[in-house]
Amino acid sequence: MSSTTTRRNETLEMTPCQKFEGHKDWVNSVIHLPGGQRTMTCSDDGSLRVWDLKSGKQIGEDWRDGKSVGKCIAMSPDGKTVVSGSVDGAVRLWDTETCKVIAKWIGHTQPVRSVCWSRNGRRVLSGSSDCTARQWDVESGETILEPIKTGHSDVWAVVYSPDMTLIATGGRDGTMSEPVESPVKVWDAKTGKLVATLKGHVWSVRCLTWNKNVLVSGSYDCSIRIWNVTKWEQTAVLDEHADGVTAIAISSNSRILASASFDYTARLWNLDNGQLISLPLQHANHVYCVSFSADGKLLATGGREKHVNIWDVAAIVEEAGLLDLLPDSKGDKSVLHADATRSSVQRRPPAPQVPQGFFDGVSPDRSNFSTQGRPRSSARPSRTFLGRLFHRNPSDTNDTSTSSPLNWAQNLLKRRKRSGEEIELQVRNSAVVEVPYAKGKRRNASAGEVAFAKQKQKQKQKQKQHTKSSHSKNSTAGSSMSINPNVAKSSQAADSSSATPAIGDAITTTGTTSTPSRPDVILRQAGLWTRIWLFIGCIPHEYTDDRH
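Residues numbered from 1 in each chain as written. Predicted model: local features only at pLDDT ≥ 70, side-chain atom pairs only at ≥ 80, totals over all residues. Heavy atoms only, no water.

Glancing now at the overall build of the protein chain. If you tally the helices and strands in the protein chain, you get seven helices and 34 strands. Nonlocal contacts in the protein chain, meaning residues at least 24 apart in sequence, comprise 47% of its contacts between residues at least 6 apart. Accessible surface computed for the protein chain: about 30,300 Å², of which carbon and sulfur atoms make up 50%. (Helix = DSSP H or I, 4+ residues; strand = E, 2+ residues; numbered from the N terminus. Contact = heavy atoms within 4.5 Å. Areas by Shrake-Rupley, 256 points an atom, 1.4 Å probe, with all protein chains shown as cover.)

The subject of this paragraph is the pairing of strand 22 (residues 245-250). Counted residue by residue, strand 22 has six buried out of six residues, so it is predominantly covered. Strand direction decides the pairing type here: strand 22 and strand 23 (residues 256-261), joined by five bridges, are antiparallel. Its bridge partner lying in strand 23, Ile 250 is registered against Leu 257. If you look at the hairpin formed by strand 22 and strand 23, you'll find five residues sitting between the two strands, and Ser 254 has a positive phi there, around 65°. (Buried < 20%, exposed > 50% of the residue type's maximum accessible area, 1.4 Å probe, protein only. Pairing = 2+ DSSP bridges.)

Another aspect to go through is the packing of aromatic side chains. Here a ring pair, both rings aromatic, is described through the centre-centre distance and the interplanar angle of the planes. In the structure shown here, the tally under the stated rule is eight aromatic pairs. Seen in terms of ring centroids, Trp 26 and Tyr 288 are 5.7 Å apart; in terms of plane orientation they differ by 65°. Their pairing is edge-to-face. Of the two residues, Trp 26 sits in the loop between strand 1 (18-21) and strand 2 (27-32) while Tyr 288 sits in strand 27 (residues 287-292), which places them 262 residues apart along the sequence. These aromatic residues form a ring-pair network of at least three members: Trp 26, Trp 156, Trp 203, Tyr 220, Phe 262 and Tyr 288. Between Arg 113 and the ring centre of Trp 156, over which it is positioned, the NZ or CZ distance is 4.7 Å. (Phe/Tyr/Trp six-rings, centres within 6.5 Å; stacked < 30°, edge-to-face > 60°. Lys NZ or Arg CZ within 6 Å of the ring centre and 35° of its normal.)

Turning our eyes to something else, we now look at the environment of Val 290. Positionally, Val 290 belongs in strand 27. When the C-alpha positions of Val 290 and Thr 246 are compared, they lie 9.2 Å apart, and in sequence the two are 44 residues distant. Among all residues touching Val 290, those that are not within four sequence positions of it are Val 30, Ala 247, Ile 248, Ala 249, Ala 258, Ser 259, Ala 260, Ala 266, Leu 299, Ala 300 and Thr 301.

With that out of the way, let us pick up the sheet that holds strand 16 (residues 184-188). The antiparallel open sheet is built from four strands, whose spatial order is 14-15-16-17. A single partner strand is all that each edge strand has here, and the edge strands are strand 14 (154-160) and strand 17 (194-198). For this sheet, the mean inter-axis angle between neighbouring strands, taken without regard to orientation, is 25°. Strand direction decides the pairing type here: strand 16 and strand 17, joined by four bridges, are antiparallel. Paired with Val 184 across the two strands is Leu 198, which belongs to strand 17. (Axes fitted to C-alpha atoms, helices over the stretch in contact; angles between N-to-C directions.)

A complete count under the given rule lists nine salt bridges for this structure. Linking Arg 64 and Asp 62 is a salt bridge whose minimum nitrogen-to-oxygen distance equals 3.4 Å. Overall, Asp 62 belongs to the partly exposed group, its relative accessible area being 26%. The salt bridge involving Arg 255 is made with Asp 324; its shortest N-O contact spans 3.7 Å. (Salt bridge = Lys/Arg side-chain N within 4 Å of Asp/Glu carboxyl O.)

Most peptide bonds are trans, and most residues other than glycine sit at a negative phi. The backbone of Cys 131 sits at a positive phi, close to 80°, despite the residue not being glycine. Among the secondary structure elements, Cys 131 is positioned in the loop between strand 11 (123-128) and strand 12 (132-137). Judged by its relative accessible area of 27%, Cys 131 falls in the partly exposed class. Even without being a glycine, Met 164 presents a positive backbone phi close to 65°. Here Met 164 falls in the partly exposed class, since its relative accessible area comes to 26%.

Time to look at the pairing of strand 14. Counting buried positions along strand 14 gives seven out of seven residues, so the element sits mostly inside the fold. Judged from the six bridges that link them, strand 14 and strand 15 (residues 166-172) form a sheet pairing that is antiparallel. Residue pairing in the sheet places Val 158 in a bridge with Thr 169 of strand 15. Joining the antiparallel neighbours strand 14 and strand 15 is a turn of five residues, in which Met 164 adopts a positive phi near 65°.

Our next topic: the sheet that holds strand 7 (residues 81-86). Strand order in the open sheet formed by four strands is 6-7-8-9, with antiparallel pairing between adjacent strands. The two strands at the open ends of the sheet, each matched to only one other strand, are strand 6 (70-75) and strand 9 (101-105). Going across the sheet, the axis of each strand differs from the next one's by a mean of 20°, ignoring polarity.

A word on the nonpolar core. Core analysis: the largest hydrophobic core is formed by 24 residues, its most contacted members being Trp 210 and Leu 215. Among the secondary structure elements, those contributing two or more residues to this core are strand 14, strand 15, strand 16, strand 17 and strand 18 (205-211). A per-element tally of this core places strand 14 first, with five residues. With residues up to four places along the chain from it excluded, the contact list for Leu 215 reads Val 159, Ala 168, Val 184, Leu 198, Thr 209, Trp 210, Arg 225, Ile 226, Trp 227 and Val 229. Counting 21 residues, the second largest nonpolar core, distinct from the first, contains Ile 256, Ala 258, Leu 299 and Trp 311. (Core = buried A, V, L, I, M, F, W, Y, C linked by side-chain atoms within 4.5 Å.)

Another aspect to go through is the side chain of His 23. Checked against the element boundaries, His 23 lands in the loop between strand 1 and strand 2. Among the polar contacts listed, one links the side chain of His 23 to the side chain of Asp 45, at a separation of 3.0 Å. In contact with His 23, not counting residues within four places along its chain, are Thr 41, Ser 43, Asp 45, Ser 47, Arg 49, Trp 51 and Lys 306. (Polar contact = N/O pair within 3.5 Å; in protein donor to acceptor, adjacent residues only side chain to side chain.)

Within the secondary structure layout, Trp 63 lies in strand 5 (residues 58-63). Taking relative accessible area as the criterion, Trp 63 reaches 4% and is therefore assigned buried. Along the chain, Trp 63 and Val 50 lie 13 residues apart, while their C-alpha atoms are 8.6 Å from each other.

In this structure, Gln 110 sits in the loop between strand 9 and strand 10 (112-117). Sequence separation between Gln 110 and Asp 130 is 20 residues; the distance between their C-alpha atoms is 5.1 Å. Ignoring sequence-local partners within four residues, the contact set of Gln 110 consists of Val 87, Gly 89, Ser 128, Ser 129 and Asp 130.

Attention shifts here to the confidence of the model for the protein chain. When pLDDT is averaged along the protein chain, the result is 74, and 59% of the positions lie at 70 or above. Every residue in residues 412-446 is under pLDDT 50, and counting partners more than four places away or in other chains gives 73 contacts. (pLDDT = per-residue confidence, 0-100.)

Next up, the structure:
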């Protein structure tokens, strides 16, 4: 007795987070509408009702069609149409916008107990107490093939396979008063022929659900059975309910199973191991229906209590330490709390910056531009002319310059006149001149390199002339034949300076043999346009690192 009391007290701790009250009779079926903010119910009071999930209040008037009593409802894949099965044997289609019946299909001669949409929304499957299952063409309203004579005394459940090629049916075989073996039967959807008979239940099969490669059935024998649809074998039995199982539902990720029972409870199961996730969700009477929200975080249950309970599955699963079982286990918000007005944020690229010391007066260190320490990528911004001028190399980790484009622009335009003094501007990189292509030689070379090459050529010519003159029979002997080294050096410097290209009329250049690839430029009272041309002619370090 004490253990029973303790268990009842524990179940009272599990309470619903919302409740819909208003129906005058049993709630037979419940579904969640698209958007995650509304829920629909079907009752023996003859009405279909829509409820606001947040407030718990009914939205609009009852949906009715005469005196028909709905036993089951299902939402179309596009969320625009609801199909219902009624006691009068009719299958009705309801428009979710107008809340009116848009089609009524007549064919069954007994109450329709179960309805199911095909995944593409073009067909509806119905099961009836007339022992048959029918497929309906949604567009024409006509039945497809002949009605399937299931062999059940009463068809309680029908479901399509996910690929719509198969149909499963379950129901009562024999009388209600005596248990009798009641198999689940699988049919070919195109031919209506029997494919497999799954034996195991020993009383009426009340509910079915098919998700991916798993078919699940619930029965009045208090058990839930899981079937492998590849080998058509039973893989697990869940038997914690104390009375008949009336309804089952699987979360969208196929990891949580919800079940309802005549034992006044609904339960949550971990399909990874077949174990219960939490204590039973206690009700005051029989529970006839269960339904997961699209995000799997809410569960709706209904039955003889005449109202619907909403349970916070996310909180229950988190309390059990199994939050990863939810479809969105990474902490994403449910559709009820998501901010639909918030758009994705795109980060701006970093602002372009001028390389450090681009216009300063310090001669750059050639070692700083070693190709070994610089990553090469075809997508680098410095491959374009403007990119070479404005992009800062990411590998320059020691660069702490705080200069901005405004600073160096001001320095460029600023005229620094000094009376009687020369203004010396050392160019960061050598100027580039276009030379004809020759096999084995580079197409482009710096001005300093061109000057150095010419200087070498002239030195060789003078050495040849000196050799010829020294061996000439008519040459003068003694010191008159020797060459003054100072004179030679001055002539070489003059030749080198004449070989360096000029930039503007006010620019004179002098070459040096020690640094031929990076000559210095001497400016005397350089004007604004001269400075601009110098700026345009500056060549980035890619062309001064002995590579192309």
